[in-house]
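# Observations on chain architecture
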Amino acid sequence: MNTKTITRNFTYHAPHGDQPARFELLRSTARGLAVTIQGECPESREKSLAFTKLEECIMWANAAIARNEIEGGEQ
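Description of the structure in this document. (Residues numbered from 1 in each chain as written. Predicted model: local features only at pLDDT ≥ 70, side-chain atom pairs only at ≥ 80, totals over all residues. Heavy atoms only, no water.)

Along its length, the protein carries 3 helices and 2 strands. Mapped in sequence order, the helices and strands of the protein form the string α-α-α-β-β. Its C-alpha atoms give the protein a radius of gyration of 15 Å, clearly above 11 Å, the size a compact globule of 75 residues would have. On the principal axes, the C-alpha backbone points of the protein span a range of 45 × 30 × 15 Å. When burial is assessed residue by residue, the protein has 20% of its 75 residues classed as buried. Intrachain contacts of the protein at a sequence separation of at least 6 include 58% that bridge at least 24 residues. Of the roughly 5,700 Å² of accessible surface on the protein, a fraction of 60% belongs to carbon and sulfur atoms. Taken as two groups, the 9 positive and 10 negative side-chain charges of the protein have centres that lie 5 Å from each other. (Helix = DSSP H or I, 4+ residues; strand = E, 2+ residues; numbered from the N terminus. Rg over C-alpha atoms; globule rule 2.2 N^0.38 Å. Buried < 20%, exposed > 50% of the residue type's maximum accessible area, 1.4 Å probe, protein only. Contact = heavy atoms within 4.5 Å. Areas by Shrake-Rupley, 256 points an atom, 1.4 Å probe, with all protein chains shown as cover. Lys, Arg positive; Asp, Glu negative; His and termini not counted. Charge placed at Lys NZ, Arg CZ, Asp CG, Glu CD.)

The following block contains the structure:
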């Protein structure tokens, strides 16, 4: 990992432009899947892992937006 990547990955990236709306779109889409998982899957380790991975998925998707776009357009 180079210094530029370390700096990018460990710096707060304030949302700008349409990013907050896109973050919310991702979260609300994942929330719908979480509700489906809750209703359709039996309580189990696998279900817990599905929720954990879904949370990770959204975290990384949001990080992709926050870390890789500069204000005013894509980086």
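That was the structure; now back to the text.
What follows deals with the packing of helix α2 (residues 19–40) against helix α3 (residues 45–68). α3 packs onto α2 with a crossing angle of 170 degrees between their chain directions and a minimal axis gap of 10 Å. Comparing the axis directions of α2 and α3 gives the class roughly antiparallel. Contact residues: α2 offers Gln19, Arg22, Phe23, Leu26, Arg27, Ala30, Leu33, Ala34, Ile37 and Gln38, while α3 offers Lys47, Ala50, Phe51, Leu54, Ile58, Ala61, Asn62, Ile65 and Ala66. Within the contact of α2 with α3, the residues separate by chemical class into 13 nonpolar, 3 polar and 3 charged. (Axes fitted to C-alpha atoms, helices over the stretch in contact; angles between N-to-C directions. Parallel < 35°, antiparallel > 145°, perpendicular 65-115°, else oblique. Nonpolar A, V, L, I, M, F, W, Y, C, P; charged D, E, K, R; others polar.)

Our next topic: the nonpolar core. Counting residues in hydrophobic clusters, the biggest one holds 5 residues: Ala30, Ala34, Ile37, Leu54 and Ile58. Sorting elements by how many residues they give to this core places α2 first, with 3 residues. Other than its neighbours up to four places away in sequence, isoleucine 37 contacts Lys47, Ala50, Phe51 and Leu54. (Core = buried A, V, L, I, M, F, W, Y, C linked by side-chain atoms within 4.5 Å.)

Any link to function would need more than the numbers given here.
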